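# Results of the structural survey
As a plain string of letters, each chain reads:
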Amino acid sequence: MPDKFSWIKDELDLLQQQGLRTTIRTIGSACGPWMVVDGKKVLNFCTNNYLGLANHPRLKQAARAAIEEWGVGPAAVRSIAGTLELHRRLEERLARFKGVEDALYVQSGFCANQAAIPPMVGKGDVIFTDRLNHASIIDGCRLSSAKVAVYEHCDLADCERVIRENRGEYRRALLITDGVFSMDGDIAPLDRLCDICERHDIITMVDDAHGEGVLGEGGRGIVDHFNLSGRFDLEIGTLSKAFGVMGGVIAGRKVVIDWIRQKARPFLFSSAVTAADTAACLAAVDLLEESTELVRKLWENTRYFKEGMQGAGFDIGASVTPITPVMLGDASLAQQFSKSLFDSEPGIFAMPIGFPTVPQGKARIRVMISAAHSRQDLDTGLEVFARVGKEFGVI
Ligand SMILES: *Cc1c(COP(=O)(O)O)cnc(C)c1O
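The structure presented is a predicted model; accordingly, all values stated were derived computationally and were not measured. (Residues numbered from 1 in each chain as written. Predicted model: local features only at pLDDT ≥ 70, side-chain atom pairs only at ≥ 80, totals over all residues. Heavy atoms only, no water.)

## Topic: the nonpolar core
Judged by nonpolar contacts, the single largest core of 50 residues is most densely connected at Tyr50, Leu51, Leu59, Leu94, Leu190 and Phe243. Only helix H2 (57-70), helix H4 (85-98), strand S3 (102-106), helix H8 (190-199), helix H9 (222-225), strand S9 (248-252), helix H12 (275-290) and helix H13 (293-312) provide two or more residues apiece to this core. Counting residues per element, this core draws most heavily on H12, at 11 residues. Residues lining this core come from more than one domain, with at least three contributed by each of domain 1 (24-50 + 292-391) and domain 2 (58-290). With residues up to four places along the chain from it excluded, the contact list for Leu51 reads Gly213, Ala242, Leu288, Leu294, Val295, Leu298, Ser370 and Ala371. Residues Ala112, Cys141, Ala146 and Phe267 belong to the second largest nonpolar core, which totals 24 residues. (Core = buried A, V, L, I, M, F, W, Y, C linked by side-chain atoms within 4.5 Å. Buried < 20%, exposed > 50% of the residue type's maximum accessible area, 1.4 Å probe, protein only. Helix = DSSP H or I, 4+ residues; strand = E, 2+ residues; numbered from the N terminus. Domains from an automatic or database assignment. Contact = heavy atoms within 4.5 Å.)

Structure (structure tokens):
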């Protein structure tokens, strides 16, 4: 009998040959600046734990208390019997935090895009989308059946051109952009995009997964950073990065959120987030509202690390956020570099990123800075990077 799945083996072999087969490392301890990875204790520059909340005692305590009170699973979708008082409380708190009328909490940031886009546009409508937008936006656009018109990355002139060429032919229009672009750490020119959209009667949506807890006053995000509160229509976010927990959020005007609540398929057809996760998210909002200290520390660490890397002679791209790409160019060089970092003493955990996540010839190591890193951690990271950089002749 022929093997029904021999094609998969061929495809996997091909990925292997191209250096594109992902090795998935296994974590053996809680998320923090130092973690056990594949059995070795290493200094972690990989997670999106911007504020160090993923293992924070207040969040853990909130989750434990919620399990005692609510149990472990809601056993229902939100629209049938899964909407807990905790979910509503979190949604009210997130709306207040972001300065909008209402918010909807869903299972993940990925889900949030699938939940928010199809109710806003469909057949006969058009979506304007940045070329480098996140995969969950791309999938959300496809699910909507609207025409998708791509503009070049953060290119306002191209964006206007694409809008002028298409806007007239379609009923409704939606523009979607990442706030912070996760591979380069640059940010969308949201104020200018907002101006353009107001001129052409286009609904505005930003996915601020890497901006929440990072940009704006006390981590209120990119809309706050650009002072666009009240002008911008929809903010998509995640509770799984700076907030340190799990889940996604859609925030905006009440009428819009009411509509999405009626129509969003991940909300209607997939079970609610657990009480423990929801309570931990509430504790994260408490912390962010109480103090801006963690956000300040994140930026202080970011500046210190970037200055150190530039001083050592590394090319760290055009990032303006804690995401620090260490540009290496060649994909296999990036892989070997990452492996040498990991095998050093002490080991450094920083993953290589290559095609198709970034363009061919733009491979890099992506360093994620956290408020949880101590000054000594950052010095250790800089020292090992310099050592490995010299070994490879990169600096
Ligand atoms: C990480 C990310 C997501 C996915 O968020 P999850 O909560 O992990 O599902 C969505 N959009 C962008 C831009 C992201 O960077």
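Alright, that's what it looks like, and here's the rest.
## Observations regarding the packing of aromatic side chains
Here the structure, examined in full by the defined rule, presents eight aromatic pairs. With 6.5 Å between their ring centres and 85 degrees between their planes, Phe314 and Phe337 make a pair best called edge-to-face. One end of the pair, Phe314, is in the loop between H13 and strand S10 (323-329); the other, Phe337, is in helix H14 (residues 331-343), with 23 residues separating them in the sequence. In this structure, Phe314 and Phe337 share a single accessibility class: buried. With a centroid separation of 5.4 Å and an interplanar angle of 35 degrees, the aromatic rings of Phe337 and Phe392 are classed as tilted. On the criterion of sequence distance, the pair formed by Phe337 in helix H14 and Phe392 in the segment after helix H15 (375-391) is long-range, its members being 55 residues apart. Joined through ring pairs, the aromatic side chains of Phe45, Phe305, Phe314, Phe337, Phe385 and Phe392 make up one cluster. In this structure, Lys40 packs its charged tip against the face of Phe342, placed 5.8 Å from the ring centre. (Phe/Tyr/Trp six-rings, centres within 6.5 Å; stacked < 30°, edge-to-face > 60°. Lys NZ or Arg CZ within 6 Å of the ring centre and 35° of its normal.)

## Concerning H4
The terminal C-alpha atoms of H4 lie 20 Å apart, and with 14 residues this matches the ideal 20 Å at 1.5 Å per residue to within 8%. For H4, every residue scored as buried is listed here: Leu86, His87, Leu90, Glu91, Arg93, Leu94, Ala95, Phe97 and Lys98. (Expected span 1.5 Å × (residues − 1).)

## Section: the sheet that holds S3
Taken in spatial order, the seven strands make up an open sheet running S3-S9-S8-S7-S6-S4-S5, and their pairing is mixed. Edge positions in the sheet fall to S3 and strand S5 (147-151), since each has one partner strand and no second. Between one strand and the next, the sheet's axes are offset by a mean angle of 20 degrees, whatever the strand orientation. With five bridges joining them, strand S6 (residues 173-178) and strand S7 (residues 203-207) adopt parallel strand pairing. Note that in S7 the partner of Asp178 across the bridge is Asp207. With respect to the sheet, helix H7 (residues 156-166) is in contact with strand S4 (126-130), S5 and S6, its orientation differing from that of S5 by roughly 150 degrees. (Pairing = 2+ DSSP bridges. Axes fitted to C-alpha atoms, helices over the stretch in contact; angles between N-to-C directions.)

## A few points about the sheet that holds strand S2 (residues 40-44)
If you trace the three strands from one edge of the open sheet to the other, you get S1-S2-S11, paired in mixed fashion. Because the sheet does not close on itself, it has two edges, and the strands there are strand S1 (34-37) and strand S11 (347-349). Across the sheet, the mean angle from the axis of one strand to that of its neighbour is 50 degrees, orientation sign disregarded. Relative to S2, S1 runs antiparallel, the two sharing four bridges. Paired with Val37 across the two strands is Lys40, which belongs to S2. Contacting S1, S2 and S11, H14 crosses the sheet at an angle of about 130 degrees to S11. In this fold H15 packs onto S1, S2 and S11, with an angle of close to 100 degrees to the strand it touches most, S11.

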